Amino acid sequence: MSMSPLFLTSHKAYFAALGLLLAAGVGLCLWLVEQGAPQLKLGNYHIYRCETGAGAEREIFDILAVSSIHARAIADRLCRAPAMSRHYSAVRISWKPRGRLSAEEILNEDYDLIWSRVHTMRGLVPEFSDFYDTLVRYDHYRVYWFSRSGRPELSREYFHGKRIGLLNDKLSHTFYLLPLASLKEIGVDLSREKLIYFDDAIGLYRAFARGELDLVSGGLFLEKDLDIPLHRTLIAENATAATLFVRKARAPEVDCDVAGAFDTFTDTFINAQRQFEGADRCES
């Protein structure tokens, strides 16, 4: 079937115009790149913020945590605290591994509260106490090996070939240092075993609950959080679970609310002895 000259001419014109449009689009993109046009960026999914209801001219109370566990609930409780609204316009909580905290952030006092440990803070800034006070310590914390299939045995033969979940945080006692020390003590060759690392504790425990891991470390909270039969063996009985450091240049009136907010939720996953030297200033 032959096509008329008019039909061929119109289609040639159409494709020629389409080609010009595509060329113009590519050229525009290249020009924008050369001009340093702003690139699209993904949002930060490791930050949660709530408002206290105070005026926007007031400061934001910044918290650095090590886990997303209960982070939103802690911030929301603080945003409802009357003392917080008298001094701060919002509460912003972020979480990242302790190893990501920098000396500059401590010296610049970027956070009003830091969840960490003394040796971590001192290792970054030996004079950190010039900038931060110790608010609450959670000590005498027990850490266990947990398994879904029988009580873990502290032997090299038992751990061989097991899928062992750890946190990708080299400063974490519960999820990195203590379990690795336990394995080394019983003679496990770490280079030959299946060590699987996770960026956060929630991802670690979800994988364990799905049966993707054979062994994980943790506190007694795990028996409450996971609705599955668990078996445990003690790793350490006197670990330091956490310490809350608050910026010296804060409004001290909020200390009781901060301690109370963390106590409410840490009780569910930190079975530890609480030391809060300012507790006598708080209402019972």
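None of the values given here were measured: they were computed from a predicted structure.

1. Quick word on the pairing of strand β3 (residues 88–95)
Then step 1. Where burial is concerned, most of β3 is hidden: seven out of the eight residues are buried.
Then step 2. Bridging between strand β1 (residues 47–51) and β3 involves five bridges; their strand directions are antiparallel. Along β3, the bridge assignment pairs Cys 50 with Val 91.
Then step 3. As judged from the seven bridges shared by strand β2 (residues 59–65) and β3, these two strands associate in the parallel manner. Counterpart to Glu 59 in the pairing with β3 is Tyr 88.

2. Notes on the nonpolar core
Then step 1. Phe 61, Met 84, Val 91, Leu 222, Val 258 and Phe 262 are the most contacted members of the largest nonpolar core, which totals 53 residues.
Then step 2. Both domains that furnish three or more residues to this core are identified here as domain 1 (47–138 + 241–281) and domain 2 (141–239).
Then step 3. Among residues more than four places away in sequence, those in contact with Met 84 are Thr 52, Phe 61, Leu 78, Val 91, Val 254, Asp 257 and Val 258.

3. Quick notes on the pattern of salt bridges
Opposite charge on two side chains allows them to pair when their charged atoms are near.
Then step 1. Following the criterion strictly, the structure yields 13 salt bridges and no others.
Then step 2. Its salt-bridge partner being Arg 49, residue Glu 51 comes within 2.8 Å of it at the nearest N-O pair.
Then step 3. Each of Glu 59, Glu 109, Asp 112 and Arg 247 takes part in one network of salt bridges that share partners.

4. Some remarks on unusual backbone geometry
Then step 1. Unlike most non-glycine residues, Glu 109 shows phi in positive territory, near 55 degrees.
Then step 2. Within the secondary structure, Glu 109 is located in the loop between α4 (103–107) and β4 (113–116).

5. Structural notes on the packing of aromatic side chains
Then step 1. Under the counting rule described, the total for this entry stands at eight aromatic pairs.
Then step 2. Taken together, a centroid distance of 5.8 Å and an interplanar angle of 70 degrees make the contact between Trp 115 and Phe 262 edge-to-face. With Trp 115 in strand β4 and Phe 262 in helix α10 (residues 255–266), this pair connects stretches of sequence that are 147 residues apart.
Then step 3. Given the relative accessible area of 1%, Phe 262 is considered buried.
Then step 4. Between Tyr 158 and Phe 159, the ring centres sit 5.3 Å apart and the planes meet at 85 degrees, which makes this aromatic pair edge-to-face.
Then step 5. Residue classification places Tyr 158 among the buried residues on the basis of a relative accessible area of 12%.
Then step 6. If you follow Lys 162 out to its NZ or CZ, it ends over the ring of Tyr 158, 4.2 Å from the centre.
Then step 7. A cation over a ring is seen here: Arg 232 above Tyr 144, with NZ or CZ 4.9 Å from the ring centre.

About the thresholds
- The residue numbering used here restarts from 1 in each chain and proceeds along that chain's sequence as written.
- Whole-chain, interface and lining totals are the exception, using all residues; otherwise, since this is a predicted model, local features are given only for residues with pLDDT of at least 70 and side-chain atom pairs are given and counted only at 80 or more.
- To get the side-chain values, all heavy atoms of the structure are used, and hydrogens and water are removed first.
- For the exposure calls, accessible area comes from a 1.4 Å probe over protein chains only, and a residue counts as buried if that area is under 20% of its type's maximum, exposed if over 50%, partly exposed in between.
- Numbered from the N terminus, helices here are DSSP runs of H or I no shorter than four residues, and strands are runs of E no shorter than two.
- In this description, strands pair whenever DSSP reports at least two bridges between them.
- Take the buried residues of types Ala, Val, Leu, Ile, Met, Phe, Trp, Tyr and Cys, join any two whose side-chain atoms come within 4.5 Å, and each joined set is a nonpolar core.
- Residue ranges for the domains trace back to a domain assignment, done automatically or taken from a database.
- Two residues qualify as a contact provided that any one of their heavy atoms is within 4.5 Å of a heavy atom in the partner residue.
- Throughout this description, the term salt bridge denotes a Lys or Arg side-chain nitrogen within 4 Å of a carboxyl oxygen of Asp or Glu.
- For Phe, Tyr and Trp, rings pair up if their centres lie within 6.5 Å, where Trp contributes its six-membered ring, and each pair is then called stacked (planes under 30 degrees apart), edge-to-face (over 60) or tilted (otherwise).
- A ring has a charge above it when a Lys NZ or an Arg CZ is no more than 6 Å from the ring centre and no more than 35 degrees off the ring normal.

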